[in-house]
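Geometric and topological summary
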Amino acid sequence: MTRVAVERRRRAPLRARLRRDWPLLVMVLPGALLLLVFHYVPTLGNIVAFQDYNPYLGDSALQALVNSPFIGLDNFRALFATPAFWDALWNTLSITAFQLVFFFPLPIALALLLDSVLSRRVRTVVQTIVYLPHFFSWVLVVTFFVQMLGGAGLLAQELRQAGVNPPEIMTNPDTFLLLVTAEVVWKDVGWGTIVFLAALSTIDRHLYEAAAADGAGRWRRLWHVTLPGLRPVIVLLLILRLGDALSVGFEQFLLQREAVGRQAAEVLDTFVYYHAITTGDYGFGAAAGLFKAAVGLVLILLANKVAHLFGERGVYARS
Amino acid sequence: MRPVWEEKPGVAGQVAKGTVLTAVVLVVVVPLWVALVTSLSSRATINAAGGLVVVPRGIDVSAYRIIFSGGQISQALWISTLVTVVGTLVSLLVTIPAAYGLSRPGSVGHRGLLFFFLLTFLVYPGLVPSYLVVTGVGLKDSLWALILPSAINVFNFVVVRAFFQGLPSELLDSARVDGAGEFRILWRIVLPLSKAVVAVVGLFYAVGYWNVWFSALLYIDDNEKFPIQRVLQTFILAGQTPQTSGTAVGTALPPTLAIKMAVVVVTVAPIAAVYPFVQRHFTRGVILGAVKG
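Residues numbered from 1 in each chain as written. Chains lettered and ligands numbered in written order. Predicted model: local features only at pLDDT ≥ 70, side-chain atom pairs only at ≥ 80, totals over all residues. Heavy atoms only, no water.

Bringing the overall build of chain B into the picture now. When helices and strands are counted, chain B shows 14 helices and 0 strands. Starting at the N terminus, the α and β elements of chain B follow one another as α-α-α-α-α-α-α-α-α-α-α-α-α-α. A compact globule built from 293 residues should have a C-alpha radius of gyration of about 19 Å, whereas chain B, at 24 Å, is more than 25% larger. Oriented by its inertia axes, the alpha-carbon framework of chain B measures out at about 70 × 65 × 35 Å. Counting only residues that meet the buried cut, chain B has 50% of its 293 residues in that class. In chain B, once contacts between residues fewer than 6 apart in sequence are set aside, the share between residues at least 24 apart is 76%. By element, 66% of the accessible surface of chain B is carried by carbon and sulfur atoms, the whole surface being about 13,200 Å². The centroid of the 20 positive side-chain charges in chain B is displaced by 5 Å from the centroid of its 11 negative side-chain charges. (Helix = DSSP H or I, 4+ residues; strand = E, 2+ residues; numbered from the N terminus. Rg over C-alpha atoms; globule rule 2.2 N^0.38 Å. Buried < 20%, exposed > 50% of the residue type's maximum accessible area, 1.4 Å probe, protein only. Contact = heavy atoms within 4.5 Å. Areas by Shrake-Rupley, 256 points an atom, 1.4 Å probe, with all protein chains shown as cover. Lys, Arg positive; Asp, Glu negative; His and termini not counted. Charge placed at Lys NZ, Arg CZ, Asp CG, Glu CD.)

What follows covers the overall build of chain A. In terms of helices and strands, chain A carries 16 helices and 0 strands. Computed over the C-alpha atoms, the radius of gyration of chain A is 25 Å, more than 25% above the 20 Å expected from 2.2 N^0.38 for a compact globule of 319 residues. Over its C-alpha atoms, taken along the principal directions, chain A stretches across nearly 80 × 75 × 35 Å. The buried share among the 319 residues of chain A stands at 48%. In chain A, the share of contacts with a sequence separation of at least 24, taken over all contacts with a separation of at least 6, comes to 63%. For chain A, the accessible surface area stands at approximately 16,200 Å², while carbon and sulfur atoms represent 65% of it.

This brings us to the interface of chain B and chain A. Counting residues at the interface gives 95 residues for chain B, matched by 94 residues for chain A. Across the chain B/chain A interface, buried area totals approximately 8,200 Å², and carbon plus sulfur atoms make up 77% of it. A per-residue breakdown of the area chain B buries against chain A is headed by Trp5(B), Val108(B) and Tyr124(B), which together make up 9% of the total. Where chain B touches chain A, the interface holds 0 salt bridges. Connecting chain B to chain A are 15 residue pairs in polar contact (both at pLDDT 80 or more). Per-element tally for the side of chain B that touches chain A: the top contributor is helix H1 (residues 11–39) of chain B, with 13 residues. (Buried area = accessible area lost by both parts, 1.4 Å probe. Salt bridge = Lys/Arg side-chain N within 4 Å of Asp/Glu carboxyl O. Polar contact = N/O pair within 3.5 Å; in protein donor to acceptor, adjacent residues only side chain to side chain.)

It is worth spelling out the packing of aromatic side chains at this point. Residue and element names in this part refer to chain A. A full pass over the atoms with the stated rule returns 29 aromatic pairs over all chains. Between Tyr131 and Trp191, the ring centres sit 5.8 Å apart and the planes meet at 80°, which makes this aromatic pair edge-to-face. Of the two residues, Tyr131 sits in helix H7 (residues 120–131) while Trp191 sits in helix H10 (residues 176–201), which places them 60 residues apart along the sequence. Looking at Tyr131, the relative accessible area reads 3%, which means it is buried. The interplanar angle of 85° and the centroid separation of 5.2 Å between the aromatic rings of Tyr273 and Tyr274 together place this pair among those described as edge-to-face. Accessibility expressed as a relative area gives 9% for Tyr273, which makes it buried. Among the aromatic residues, those joined into a ring-pair cluster are Phe80, Phe85, Trp86, Phe271, Phe284 and Phe291. (Phe/Tyr/Trp six-rings, centres within 6.5 Å; stacked < 30°, edge-to-face > 60°.)

Per the UniProt record, "transmembrane region" (unreviewed entry) is annotated on residues 20–37, 76–100, 112–132, 144–164 and 257–278 of chain B. Note that residues 257–278 of chain B is 100% helix and 0% strand, and that its end C-alpha atoms are spaced 33 Å apart. (UniProt positions renumbered as here; feature names shortened; annotations may be inferred.)

Turning our eyes to something else, we now look at helix H9 (residues 182–193) of chain B. The first and last C-alpha atoms of H9(B) sit 15 Å apart over 12 residues, in line with the 16 Å expected at 1.5 Å per residue. Of all the residues in H9(B), the buried ones are Glu182(B), Ile185(B), Leu186(B), Val190(B) and Leu191(B). For H9(B), the angular spread of buried residues about the axis comes to 145°, placing them on one side. Across H9(B) from its buried face, at more than 90 degrees, point the exposed residues Trp187(B) and Arg188(B). In the core, the buried residues of H9(B) are packed alongside helix H2 (14–44) of chain A together with helix H4 (72–101), helix H7 (154–166), helix H8 (169–177) and helix H10 (195–210) of chain B. (Expected span 1.5 Å × (residues − 1). Arc of directions from axis to C-beta.)

Moving on, we get to the domain arrangement of chain B. Residue and element names in this part refer to chain B. Here the domain parsing of chain B yields domain 1 (1–60) and domain 2 (63–292). For domain 1 versus domain 2, the separation of C-alpha centres amounts to 31 Å. For the pairing of domain 1 and domain 2, the buried interface totals around 820 Å² over both sides, and the portion due to carbon and sulfur atoms is 77%. The largest share of the area that domain 1 buries against domain 2 comes from Ala35, Ser39 and Arg43, three residues that together contribute 49% of it. There are 0 salt bridges connecting domain 1 and domain 2. Applying the counting rule to domain 1 against domain 2 returns 1 residue pair in polar contact (both at pLDDT 80 or more). Contributions of two or more residues to the side of domain 1 that touches domain 2 are made by H1 and helix H2 (43–49). In terms of residue class, the side of domain 1 that touches domain 2 is built from 6 nonpolar, 4 polar and 1 charged. (Domains from an automatic or database assignment. Nonpolar A, V, L, I, M, F, W, Y, C, P; charged D, E, K, R; others polar.)

Here we come to the layout of surface pockets. Here the second largest pocket defines a volume of roughly 1,100 Å³. Every residue lining the second largest pocket is counted, 26 residues in all, and those nearest its centre are Leu112(A), Asp115(A), Ser116(A), Glu6(B) and Lys17(B). Those elements giving two or more residues to the lining of the second largest pocket turn out to be helix H6 (105–115), H7, helix H11 (205–213) and helix H12 (218–243) of chain A together with H1 of chain B. The greatest single-element share of the lining of the second largest pocket, amounting to 5 residues, is contributed by H12(A). Tallied by class, the residues present in the lining of the second largest pocket amount to 12 nonpolar, 5 polar and 9 charged. (1 Å grid on protein atoms, 1.4 Å probe; cavity = no way out; pocket = protein on both sides within 12 Å on 5 of 7 lines; lining within 4 Å. Points joined across faces, edges and corners; volume = space filled by probe spheres on them.)

This is the structure we're talking about:
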């Protein structure tokens, strides 16, 4: 829609606009209500982070919230004095950093590989297969890993028959980082290619031809044409990932925490779950959650700012 | 077709490419294959293989007979089907009108409402307050707890909205001139043109509901109401034995391993069955959202 048309729409008197647009408002209402109740109300509910919240101080959560005493920053003080919190934060950040290096580039590589396959049919078949695990639940993904690599899994079974003692894979805290990254790769490397394949298809074919005419070989074309063409998408996804640095696959870790142990598998989200929901220490858990949300917000704004400094569009445009 | 200016690929390069792609495909397919074959194996075959079966030897469907003949797994499959069907319908009924209602810049409240929707990307509540709200409004042990909090996904909303904005506005305007109301336009003109995006978003929602696990861990204590993922987790990962009405069959029970793998197969099956039909629309749906969002 053109700017003029938008302006014309806006300039009509409010009453006339309401008469014209009320059906649109009715359509938006249910979604807005759901977001209000299940997104914004809980967001405001984060004030329990500043309370000694006691669910038994009222008949409803709201009453308990009103009756619970405010204790200032005590929950945060307690949180920062808990070594397990720092362990969880450290685990989360190391997993993010590790996967940034060992997962992030893989969909790009696979997309380039797929893009270079000339046969359309081969490409479609491979795509259909590698997208599939993205739609599996984490329960299912972990199940498949246990089934293939676990103590009673296929690998152990074959090794034992060959007379070799099978290695501990699913329960070893020292190699847990590799394991969870392998799971993420299995689940999402294929799905991750979609965005890059689409970006590849928008690169002007004439650029390749011109580069080839100027004597650029395959690898130089990759470096000087393809990668610059992918740059905006790569930057966008990097920003999103950085803004989400404190979130790693929550269910993935919750499912494996018992098998591997808290030391390696506790991340911020599982920390909140185990220190709030299962113990009933809601104020403390909310403090940890609020810390995570606040840092996440700062991170995404920062990453976006950096992208703008480098002249990229980023997630939202500078306005 | 290879453009004329492009070099002919070397043999080594072709072989390497083929090997890598084959390996990637096998890594995905082999676990699925092993689960399927083991679920269809008899006790003798499983014992001979020493556990999981890679090479099929005959077909024995007794494991499936067990899980479909009542008991916890049948119940969980029913619950998951219910949640998936009802949830997807609710989600589409909320998301599509909202996306249409906010697809026209300049309408009343457009800016503020759109901001209200998009701000959810930056500000989110966290686990504890969400838990308190969902239990506070009385959804503990209700299947609605698996549906309502995630009924509208703002990413899906953005995808649908972007698609609606790409529709030719002349079409809608002429319908309006003819006196059609907005609901009628949405139902009669916009939706028939939007089958692809509705299919993609519907699939995303359906998969989300079929895969629901953590919400069930949080909100559902009654194991009569466990969805399939929750049963899969307690049964396979935590190693408990589900109650089946196995004795009713009257013959010897199939091995636990076959039953486990049958549960895995029925958990995968609906996804694997539906998704190839929607797959060709993915790029369009996903990219639209990514670019315009």
